[in-house]
Every structure is written in structure tokens, then in C-alpha cells.
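# Overview (structure and organization)
Next come the chains, spelled out residue by residue.
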Amino acid sequence: MSKTLAEQTQETVEAFIGGLPEDVQQVVGGAFERLLNSNITEHAKDIGDVAPEFCLPNMRGGDTALPQLLENGPVVLSFYRGGWCPFCNLEFKALHDKFAEMQALGATLVGISPETQAVSQQTVQDHQLEFEVLSDVGNRVARDYGLVMVVDEAIRPYYEQWGIDIPSANGDVTFELPVPATYVIDQAGVIRAAHVDKDYTKRMEPADIIAALKAL
């Protein structure tokens, strides 16, 4: 029996943390605690809210707007941190496995990250993503959805050691990222299902996305 996305993610977390020196574990753990104790998601859009409209650069050299997408059916909107994030990579695979089923239900799947177009294009290529990917440089749309967080200063040097260059990927020095979130938006532009969690290792199960689409 195949593992759920949550099970795969938990295994990745345990392997990652277990491989860190004890002093680094304490720094990472402290940053994570501060994140979980913060109120960064208190204004995040939720079920019943009208989804903020957006128009963002896509990977085909044009722009993609939410109102136009909704003309064709419901939209599944996935905010992800970047192609460098191992938890996002697991989510990509899980979403890809259910992509055809979402399409069969008339839905459009859209990924949004703050990565520049060039980096987003590389992410699409590296992970062979077939769904729409949009570049939200500056986290403008993520901010409209109440999802912006800032990488804790204590762990930024470790990100650099791990080869993660967020300023370069995002084209700015803010260290801002979206809180990973998934929204199922109906054709009236209303959010009918939502998953927002300050614990950035936790994502919406694709099976729950399918169930939400079937319930529309």
C-alpha cells in the first residue's frame, strides 16, 4: 500500500533532523518553535472567503489570471516555498500523481512560489511539472492570502551551508516565503476547502483535494 504524503513527509523530517549535529538540531528546533508559536497565519484566507484575484507570470512567457482560470472550472491553488524545499518536492510528486484525476473533474491545478521566472522554469524542468506554475516575486499574492512568513535569522546561515540561496531564488533579500497552503476555489471564486499550517512540513493530502472537488 502506498504511503500518504504525510507519512512520506514525516520520514523525510526524521531523516533530516537525525542527520544534523546536536547543536544544529537545537538551533533548527528553536526556530521551528518560534514559528509555531507565532501568529503569522491569523489573517490567512479560509473556507468561505472570496479568493483574492491575481495575475502572475506563467512559464510560457505570458500571464495567468485567476478569473480566466475560473471560467473553465474550479481551481486548486498550491502555494509552495520553492523548488529547493524537500517537502515541496514530495508534494509535487503527490500532486502529479493525482493531476489527471483533478483534470477529469474539470479543475485547474496551479502552483505559486516567490521564485523568479528563471528559477521557476528550472523547478518545472527539474520536477517535470505538468501543471501551471506561476512566479509571485515579492510574495504579493501570498500577502493577499495572508500567507507570508520570514525565515528565522538563526537558521539562515545553515540554509546557506545546505546550498539553499533564497535571496538568489526569489530575487530579493527579504527572506520572505509563503506559508505552504492549498485552496480549492469554486467557479464563483469562493474558497471551498483550505489547508494552511505554520508547520511547513504538513501539506494537504491529494485525496482530500479530490474529495473537495467532488463535493463542489
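Before any of the text, the structure's been laid out above.
In what follows, the accompanying structure is described. (Residues numbered from 1 in each chain as written. Predicted model: local features only at pLDDT ≥ 70, side-chain atom pairs only at ≥ 80, totals over all residues. Heavy atoms only, no water.)

On to helix H9 (residues 206–215), then. Buried within H9 are the following residues: Pro-206, Ile-209, Ile-210, Ala-212 and Leu-213. Down the axis of H9, the smallest arc covering the buried residues is 160 degrees, so these residues share one side. In H9, the exposed positions angled more than 90 degrees off the buried face are occupied by Lys-214 and Ala-215. Looking at the packing, one finds that the buried side of H9 touches helix H1 (5–18), strand S3 (75–79), helix H4 (86–104), strand S8 (181–185) and strand S9 (191–196). (Buried < 20%, exposed > 50% of the residue type's maximum accessible area, 1.4 Å probe, protein only. Helix = DSSP H or I, 4+ residues; strand = E, 2+ residues; numbered from the N terminus. Arc of directions from axis to C-beta. Contact = heavy atoms within 4.5 Å.)

Let us now look at the pairing of S3. Burial of S3 is extensive: 5 of the 5 residues sit out of reach of the surface. Covered by surrounding structure in S3 are Val-75, Leu-77 and Phe-79 together with Val-76 and Ser-78, the residues of both alternating faces. Examined bridge by bridge, S3 and strand S4 (residues 108–113) share 5 bridges and lie parallel to one another. When the sheet's bridge partners are listed, Val-76 is paired in S4 with Leu-109. In this view, the connection linking S3 to its parallel neighbour S4 by way of H4 has right-handed handedness. The sheet contact formed by S3 and S8 spans 5 bridges and is antiparallel. Paired with Phe-79 across the strands is Ala-181, a residue of S8. (Pairing = 2+ DSSP bridges. Right-handed = clockwise from strand over helix to strand, strands pointing away.)

What follows deals with the packing of H4 against H9. In the contact formed by H4 and H9, the axes pass within 9 Å of each other and the chain directions differ by 20 degrees. In this view, H4 runs roughly parallel relative to H9, as classed from their interaxial angle. Along this stretch, H4 crosses H9, giving a crossing that reads as right-handed. From H4, Ala-94, Leu-95, Lys-98, Glu-101 and Met-102 reach across to H9, where they touch Pro-206, Ile-209, Ile-210, Leu-213 and Lys-214. (Axes fitted to C-alpha atoms, helices over the stretch in contact; angles between N-to-C directions. Parallel < 35°, antiparallel > 145°, perpendicular 65-115°, else oblique. Left-handed = near helix turned anticlockwise from the far one by under 90°.)

We now examine the pairing of S9. Looking down a regular strand, the side chains alternate between one sheet face and the other. In this structure, S8 lies alongside S9, joined through 5 bridges in antiparallel fashion. Bridge assignment links Thr-182 to a residue of S9, and that residue is His-195.

Turning to the sheet that holds S9, a few remarks are in order. Strands sit in the order S5-S4-S3-S8-S9 across an open sheet of 5 strands; the sheet is mixed. Each end of this open sheet is capped by a strand with a single partner; those strands are strand S5 (132–135) and S9. Taking each pair of neighbouring strands and ignoring which way they run, the sheet shows an average axis angle of 15 degrees. H9 rests against S3, S8 and S9 of the sheet, and its axis sits at about 20 degrees to S8.

Taking 1.5 Å as the rise per residue, H4 with 19 residues should run 27 Å; its terminal C-alpha atoms sit 28 Å apart, in good agreement. Roughly 45 degrees is the biggest bend found in H4, and it falls at Lys-98. Looking only at H4, the buried set comprises Phe-87, Cys-88, Leu-90, Glu-91, Phe-92, Ala-94, Leu-95, Phe-99 and Met-102. Buried positions along H4 lie against H1, S3, S4, helix H5 (117–127), S8 and H9. Where H4 ends, the next residue or the one after it, Gly-106, has phi of about 85 degrees, a positive value. (Expected span 1.5 Å × (residues − 1). Bend = angle between axes of the 7 residues up to and from the residue.)

On to the packing of H1 against H4. Viewed as axis vectors pointing N to C, H1 and H4 meet at an angle of 155 degrees, and their least axial separation amounts to 10 Å. Accordingly, the angle class assigned to the pair H1 and H4 is roughly antiparallel. Where H1 crosses over H4, the handedness of that crossing is right-handed. Residues Leu-5, Gln-8, Thr-9, Thr-12 and Val-13 of H1 touch H4, and the partners they reach there are Pro-86, Phe-87, Leu-90, Glu-91 and Ala-94. When the residues that make up the contact of H1 with H4 are grouped by side-chain class, the tally is 6 nonpolar, 3 polar and 1 charged. (Nonpolar A, V, L, I, M, F, W, Y, C, P; charged D, E, K, R; others polar.)

On to the layout of surface pockets. When its volume is computed, the largest pocket comes out at roughly 570 Å³. Lining the largest pocket are 27 residues, and of these Val-13, Phe-16, Phe-87, Tyr-200 and Thr-201 lie nearest its centre. At the level of secondary structure, the elements contributing two or more residues to the lining of the largest pocket comprise H1, helix H2 (22–36) and H4. Broken down by element, the lining of the largest pocket gets its largest block of residues, 8 residues, from H1. Tallied by class, residues from the lining of the largest pocket come to 15 nonpolar, 7 polar and 5 charged. For the second largest pocket, the calculated volume is near 230 Å³. Together, Ser-2, Lys-3, Thr-4, Leu-5, Gln-8, Lys-93, Ala-94, Asp-97, Lys-98, Glu-205, Pro-206 and Ala-207 line the second largest pocket. At the level of secondary structure, the elements contributing two or more residues to the lining of the second largest pocket comprise H1, H4 and H9. The element that contributes the greatest number of residues to the lining of the second largest pocket is H4, accounting for 4 residues. Taken together, the residues of the lining of the second largest pocket break down into 4 nonpolar, 3 polar and 5 charged. (1 Å grid on protein atoms, 1.4 Å probe; cavity = no way out; pocket = protein on both sides within 12 Å on 5 of 7 lines; lining within 4 Å. Points joined across faces, edges and corners; volume = space filled by probe spheres on them.)

By themselves, these figures tell us nothing about what the structure is for.
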